[in-house]
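Descriptive structure summary
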Amino acid sequence: MSLRSPYEPQPPRAPACAGPPPSVVFAGHAPRALPALHACGRCPIRALCEEAAGPGRRWFDGVRAGRPWRSGRVVAAAPAPGLSA
């Protein structure tokens, strides 16, 4: 059994949105984006996602950090299963 030192580099973590196709991640309609919203619920980097992408500063359309965005603003919608509002 080997113990990993907290000072060793951690392996990279892939975003869960790497799985669904771009047409789902950047969907303009919530029903089509549902698979991407579900992926956010299990994403290992969801906490960093919104900050890194800055959707509000870039007029982002699509799914980011478990929420649907249109023109850089969160669309009023229920959060994906497994996520809190």
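Check the entry above for the structure.
These lines cover the structure that appears in this document, whether it is placed above or below. Since the structure is predicted, the reported quantities are computational estimates derived from the model, not experimental observations.

Attention shifts here to the overall build of the protein chain. Across its full length, the protein chain holds three helices and three strands. Its helices and strands in sequence order give the protein chain the pattern α-α-α-β-β-β, from N to C terminus. Looking at the protein chain as a whole, 31% of its 85 residues qualify as buried. Summing over all exposed atoms, the protein chain offers an accessible surface of approximately 6100 Å²; the carbon and sulfur share of this is 59%.

Bridging between strand β1 (residues 62-64) and strand β2 (residues 67-70) involves three bridges; their strand directions are antiparallel. Bridging from a neighbouring strand, Val-63 pairs with Pro-68 of β2. Here β1 folds back onto β2, and the loop between the two strands holds two residues, one of which, Ala-65, carries a positive phi near 55°. Inspection of the sheet shows β2 paired to strand β3 (residues 73-74) by two bridges, in the antiparallel sense. Considered in β3, the bridge of Trp-69 is made with Val-74. Where β2 folds back onto β3 in an antiparallel hairpin, the turn is made up of two residues, including Ser-71, whose phi is positive at roughly 50°.

Time to look at the nonpolar core. Core analysis: the biggest nonpolar cluster contains eight residues, these being Val-24, Val-25, Ala-27, Ala-33, Ala-36, Leu-37, Cys-40 and Val-63. Mapped by element, the contributors of at least two residues to this core are α1 (22-25) and α2 (30-40). The element that contributes the greatest number of residues to this core is α2, accounting for four residues. Apart from residues lying up to four places away in sequence, Val-24 is in contact with Arg-32, Ala-33, Pro-35 and Ala-36.

Okay, the sheet that holds β1 next. Spatially, β1-β2-β3 is the arrangement adopted by the three strands of the open sheet, whose pairing is antiparallel. Looking along the sheet, the strands with just one partner apiece sit at the ends: β1 and β3. Contacting β1 and β2, α2 crosses the sheet at an angle of about 5° to β1.

Here we come to the environment of Arg-13. Checked against the element boundaries, Arg-13 lands in the segment before α1. Relative accessible area serves as the criterion here: at 52%, Arg-13 is assigned to the exposed category. Remark: the alpha-carbon pair of Arg-13 and Pro-44, spanning 31 residues in sequence, is separated by 6.7 Å. If sequence neighbours within four positions are ignored, Arg-13 has contacts with Pro-44, Ile-45 and Leu-48.

Quick notes on the rules
- Residues numbered from 1 in each chain as written.
- Predicted model: local features only at pLDDT ≥ 70, side-chain atom pairs only at ≥ 80, totals over all residues.
- Heavy atoms only, no water.
- Helix = DSSP H or I, 4+ residues; strand = E, 2+ residues; numbered from the N terminus.
- Buried < 20%, exposed > 50% of the residue type's maximum accessible area, 1.4 Å probe, protein only.
- Areas by Shrake-Rupley, 256 points an atom, 1.4 Å probe, with all protein chains shown as cover.
- Pairing = 2+ DSSP bridges.
- Core = buried A, V, L, I, M, F, W, Y, C linked by side-chain atoms within 4.5 Å.
- Contact = heavy atoms within 4.5 Å.
- Axes fitted to C-alpha atoms, helices over the stretch in contact; angles between N-to-C directions.

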